[in-house]
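Fold and geometry: a report
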Number of protein chains: 2
Amino acid sequence: MTGIRALADSLNISIGTVSRALNGKPGVNPETRDRVLKMAQETGYVANAAGRNLRKGLTNTIGMVIGTGPAAAKGDNNFFMAVTDAMQRAMLERGVDLILLPCHAAMDPLAFLQRTLQRGSIDGLVLTATLEQDPRIAMLEASHLPFITLGRSRTPGNYAWMDLDFEGAARQSVARLAELGHRRIAIGIPKGQANLSALYLESWRQQMQAEGLSPSDDLLFVDDFTEAGGAQVAARLLDQADRPTAILMCSEPMISGFCGGLLGAGVQPGADVSVIGFRQSPLLRHLAPPISCFDMDLDALGEDMAKAILGLVYDADNALHITRAISPMTYVETASVQPLR
Amino acid sequence: MTGIRALADSLNISIGTVSRALNGKPGVNPETRDRVLKMAQETGYVANAAGRNLRKGLTNTIGMVIGTGPAAAKGDNNFFMAVTDAMQRAMLERGVDLILLPCHAAMDPLAFLQRTLQRGSIDGLVLTATLEQDPRIAMLEASHLPFITLGRSRTPGNYAWMDLDFEGAARQSVARLAELGHRRIAIGIPKGQANLSALYLESWRQQMQAEGLSPSDDLLFVDDFTEAGGAQVAARLLDQADRPTAILMCSEPMISGFCGGLLGAGVQPGADVSVIGFRQSPLLRHLAPPISCFDMDLDALGEDMAKAILGLVYDADNALHITRAISPMTYVETASVQPLR
DNA sequence: CTGTTAGCGCCTTCAC
DNA sequence: GTGAAGGCGCTAACAG
């Protein structure tokens with residue numbers, strides 16, 4: 001004898017009544033309800049997840065796909081920690097669990113997603129690290145599982161997303177550097193199809209032109225999303241005859257490696273080459289000078305993400321409009337940005 | 001019509017045969033088996049988790065409890081990323097999923113664990129951040145859910161664990177510093193009941209005495225497990241008349257804050273105060289000089305953890321002996337450690 | 001207000 | 001080698 005049946009027997013009532021009492025359904029004698037609740041508390045009874053899931057088709061669980069692998073393990077994953085932390089807090093209030101679904105770099109992301117969907121163990125999904133063209137989005141739309149992406153995509157479709165302001169960051173960075181007299185303003189972005197890189201790059205191009213500057217190819221540095229990649233960028237930049245005097249980069253590991261590369265060559269970030277990053281990171285903690293970055297409220301972002309997916313999953317009727325929001329950021333300047341000498 | 005029944009119908013065979021074919025059970029015509037497998041592949045069929053779980057009482061999922069919260073979000077969680085990455089890879093080979101169960105600092109860890117256990121959605125558990133006296137361990141033993149802890153505990157019981165060599169680190173650190181002539185060798189540990197702190201502290205005491213040095217109270221600094229805590233330690237240390245000439249600290253955020261504190265006061269890590277940390281961290285990336293730390297193979301640790309819990313859960317018959325292992329580390333010295341002048 | 005019962009999707013035992 | 005049927009724990013619909 002186990003589960004709800006044991007509980008019912010110990011109270012000499014039927015499992016139906018127990019279930020109703022536990023689930024707050026109407027039509028139960030208040031006294032009976034109290035007895036059930038008390039006994040459940042005492043015995044530590046909680047409904048078996050599989051049984052409930054099988055019956056209701058709901059698991060009270062939201063999944064979040066995150067990429068792992070050698071690169072992720074080496075980098076600083078502080079961004080996801082902060083966001084998931086806030087998300088979880090918001091979900092907990094609704095009795096919903098957040099589980100992280102690590103998709104290793106060596107796995108096929110589509111197969112992983114397919115398997116995850118078919119298993120039926122989550123009610124909704126948060127997709128991260130979106131690509132410019134992301135086949136996972138089409139798969140999710142076809143699956144009818146509610147989802148939201150952290151990061152936009154060019155993939156067509158009527159899905160919910162939230163994102164950081166990569167265009168705004170690039171625009172403000174270029175504008176500020178131009179204001180300080182810089183003309184050869186370079187940009188460093190990671191290899192790969194990440195949508196954020198495309199947005200950042202495109203915005204740099206546009207703002208360069210708006211400033212009357214040329215976004216020429218020798219100002220564009222594409223390399224690995226790692227410190228080594230950033231160091232490569234530094235080496236190639238220092239190699240140029242008409243060396244860029246400033247650079248913006250949206251990857252923290254690359255910024256770290258880049259500054260390391262500069263310093264190793266006796267070139268000072270700030271004094272010799274102005275540097276603007278995207279977000280603060282533990283990796284940049286002891287760089288001198290500190291790096292100019294954008295401040296953002298990841299707590300608020302996480303909370304908004306949670307609200308969006310919870311609404312989509314559990315209040316589908318009310319969720320008439322699809323969330324599409326760009327989280328605001330504030331530029332914080334340090335001595336890593338200086339006027340052109 | 002859904003699930004296994006739809007698959008069976010589309011092949012004009014019974015669901016029993018489909019199930020046997022899919023699960024590699026004997027007694028299925030090879031040709032039939034191929035047809036089933038092929039169709040499953042094509043349609044992307046995967047057994048529904050709730051149905052299978054309900055029937056078998058197994059979910060092919062291992063949970064891992066990790067602590068989250070403001071402190072965790074600010075710190076560098078690179079350690080867990082590396083370990084879980086390796087664990088997941090090893091589990092995937094066995095068709096087992098690893099899910100992370102974030103337990104927020106604001107939640108009662110015992111209630112969280114209780115709820116997790118009762119939900120019945122995992123076959124085994126990995127517990128992290130063990131305390132000297134950890135009530136979660138008693139709860140797990142009573143639950144009969146197989147588990148392994150990452151980190152020992154003084155809590156009695158016959159459970160499996162793996163851990164890092166905190167005693168070895170403290171012992172080697174003190175021995176090396178003593179060898180270089182240091183006599184006032186301080187130690188900094190985080191507040192709280194974490195078992196690792198107790199081990200580290202006790203080993204420092206023993207080795208100090210073994211070196212004929214006094215582990216006096218003014219050499220012991222206990223503060224928050226944060227950069228601010230580390231900065232506090234620096235301030236208090238610099239304040240002493242008979243200032244310690246060396247320190248060991250097992251918390252990376254504290255080391256980071258400590259070195260920041262020293263530098264802010266114009267005191268050089270290494271040249272003025274020798275510093276030995278525990279593990280390398282993004283937070284220490286651009287400190288000059290780099291900090292002497294211990295190298296460890298987190299990949300191997302993660303793989304061993306995975307093997308241990310998988311054995312416990314799915315090969316209980318063969319797992320006659322309980323895993324209890326301390327992962328080896330290698331001291332890597334830098335200019336943050338220098339002879340006493 | 002409470003008891004009884006069907007059935008969610010799957011695996012396994014028992015017939016054949 | 002295959003089909004039929006029971007039941008894992010739970011909730012909801014239906015009786016009483």
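Scope of this entry: the structure provided in the associated data block. As the structure is a prediction and not an experimental result, all values here were calculated from the model. (Residues numbered from 1 in each chain as written. Chains lettered and ligands numbered in written order. Predicted model: local features only at pLDDT ≥ 70, side-chain atom pairs only at ≥ 80, totals over all residues. Heavy atoms only, no water.)

Let us look at the pattern of salt bridges. Throughout the structure, instances matching the rule amount to 39 salt bridges over all chains. With a shortest N-O distance of 3.8 Å, Arg-89 of chain A and Asp-85 of chain A are connected by a salt bridge. Remark: Asp-85 of chain A and Arg-89 of chain A occur in helix H6 (residues 78-92); sequence separation between them is 4 residues, near one turn of the helix. Judged by its relative accessible area of 28%, Arg-89 of chain A falls in the partly exposed class. By relative accessible area, Asp-85 of chain A is classed as buried at 3%. For the salt bridge of Lys-307 of chain B with Glu-303 of chain B, the shortest nitrogen-to-oxygen distance reads 3.5 Å. Separated by 4 residues within a single helix, Lys-307 of chain B and Glu-303 of chain B lie in helix H13 (residues 298-314), roughly one turn from each other. By relative accessible area, which is 53% here, Lys-307 of chain B ends up exposed. Residue classification places Glu-303 of chain B among the partly exposed positions, given a relative accessible area of 34%. A cluster of three or more residues bridged by salt bridges with shared partners is formed by Asp-85, Arg-89 and Asp-299 of chain A. (Salt bridge = Lys/Arg side-chain N within 4 Å of Asp/Glu carboxyl O. Helix = DSSP H or I, 4+ residues; strand = E, 2+ residues; numbered from the N terminus. Buried < 20%, exposed > 50% of the residue type's maximum accessible area, 1.4 Å probe, protein only.)

By a simple turn and slide, chain B fits onto chain A: the slide is 0.2 Å along the axis, the RMSD is 0.2 Å, and the turn is 180°. The transformation just described matches what one would write down for a two-fold rotation axis. Distance from the rotation axis, computed per C-alpha, reaches its smallest value in chain B at Ala-50 of chain B: 2.2 Å. Looking at chain B, 96% of its interface residues are interface residues in chain A too, so the copies touch through the same face. (Least-squares fit on C-alpha atoms with pLDDT ≥ 70 in both. Contact = heavy atoms within 4.5 Å.)

Another aspect to go through is the protein's contact with DNA strand D. Around DNA strand D lies a shell of 27 residues, among which Ile-4, Tyr-45, Arg-52 and Arg-55 of chain A together with Arg-55 of chain B are the nearest. Note that a phosphate oxygen of DNA strand D is positioned 3.1 Å from one of the side-chain N or O atoms of Ser-19 of chain A. Measuring from a base oxygen of DNA strand D, one finds a side-chain N or O atom of Arg-55 of chain A at 2.2 Å. If you list the elements that add at least two residues to the surface near DNA strand D, you get helix H1 (3-11), helix H2 (15-22) and helix H4 (49-56) of chain A together with helix H2 (15-22) and helix H4 (49-56) of chain B. Per-element accounting of the surface near DNA strand D gives the leading share, 5 residues, to H4 of chain A. Taken together, the residues of the surface near DNA strand D sort by class into 8 nonpolar, 12 polar and 7 charged. (Near = heavy atom within 4 Å. Polar contact = N/O pair within 3.5 Å; in protein donor to acceptor, adjacent residues only side chain to side chain. Nonpolar A, V, L, I, M, F, W, Y, C, P; charged D, E, K, R; others polar.)

To summarise the sheet geometry, strands pair through backbone hydrogen bonds and adopt either a parallel or an antiparallel arrangement. Residues and elements named next belong to chain A. Across the sheet, which stays open at both edges, the 6 strands sit in the order S7-S6-S8-S9-S10-S12 with mixed pairing between neighbours. Strand pairing shows two members of the sheet lacking a second neighbour, strand S7 (220-223) and strand S12 (329-332), which therefore form its edges. Here the average twist between neighbouring strands, direction ignored, is 20°. Here strand S10 (residues 292-296) pairs with S12 via 4 bridges, running antiparallel. Pairing of Asp-295 across the sheet is with Thr-330, part of S12. (Pairing = 2+ DSSP bridges. Axes fitted to C-alpha atoms, helices over the stretch in contact; angles between N-to-C directions.)

A word on the protein's contact with DNA strand C. Around DNA strand C sit 28 residues, and of these Thr-32 and Arg-55 of chain A together with Ile-4, Tyr-45 and Arg-55 of chain B come closest. Atoms of DNA strand C within 4 Å of the protein: sugar and phosphate make up 63%, bases the balance. At 2.8 Å, a side-chain N or O of Thr-32 of chain A approaches a phosphate oxygen of DNA strand C. Here a phosphate oxygen of DNA strand C and a side-chain polar atom of Arg-52 of chain B are 2.8 Å apart. For the surface near DNA strand C, the secondary structure elements donating two or more residues are H2 and H4 of chain A together with helix H1 (3-11), H2 and H4 of chain B.

Our next topic: the packing of aromatic side chains. Residue and element names in this part refer to chain A. Going through the model one piece at a time under the given rule, you end up with 10 aromatic pairs over all chains. Taking 6.0 Å as the distance between ring centres and 25° as the angle between the ring planes, the aromatic pair formed by Phe-147 and Tyr-159 counts as stacked. Highlighted residues: Phe-147 in strand S4 (residues 147-150) and Tyr-159 in the loop between S4 and strand S5 (160-164), separated in sequence by 12 residues. The exposure class assigned to Phe-147 is buried, which follows from its relative accessible area of 7%. One cation-aromatic arrangement involves Arg-152 over Trp-161; the distance from NZ or CZ to the ring centre is 5.4 Å. (Phe/Tyr/Trp six-rings, centres within 6.5 Å; stacked < 30°, edge-to-face > 60°. Lys NZ or Arg CZ within 6 Å of the ring centre and 35° of its normal.)

Time to look at the sheet that holds strand S9 (residues 274-279) of chain B. All names here are of chain B. Here 6 strands make up an open sheet; going across it, the order is S7-S6-S8-S9-S10-S12 and the pairing mixed. Looking along the sheet, the strands with just one partner apiece sit at the ends: strand S7 (220-223) and strand S12 (329-332). Recorded for the sheet is a direction-independent mean angle of 20° between the axes of neighbouring strands. Where strand S8 (residues 246-249) lies against S9, 3 bridges are found, and the strand directions are parallel. Bridging from a neighbouring strand, Leu-248 pairs with Ile-276 of S9.

All names here are of chain B. Between the first and last C-alpha of helix H10 (residues 195-210) there are 23 Å, a value that for 16 residues agrees with the 22 Å anticipated at 1.5 Å per step. In this structure, the buried side of H10 is in contact with strand S5 (160-164), helix H9 (166-179), strand S6 (185-190), S7, S8 and S9. At the C-terminal side of H10, Gly-212 shows a positive phi close to 75°. (Expected span 1.5 Å × (residues − 1).)

It is worth spelling out the packing of helix H11 (residues 227-239) of chain A against helix H12 (residues 252-264) of chain A at this point. Residue and element names in this part refer to chain A. Remark: H11 packs on H12, axes separated minimally by 6 Å, with the N-to-C direction vectors making an angle of 45°. In terms of their interaxial angle, H11 and H12 are classed as oblique. The hand of the H11/H12 crossing is right-handed. Judged by residue contacts, Glu-227, Gly-230, Ala-231, Val-233, Ala-234, Leu-237 and Leu-238 of H11 engage Pro-253, Met-254, Ser-256, Gly-257, Phe-258, Gly-261 and Leu-262 from H12. In terms of residue class, the contact of H11 with H12 is made up of 9 nonpolar, 4 polar and 1 charged. (Parallel < 35°, antiparallel > 145°, perpendicular 65-115°, else oblique. Left-handed = near helix turned anticlockwise from the far one by under 90°.)

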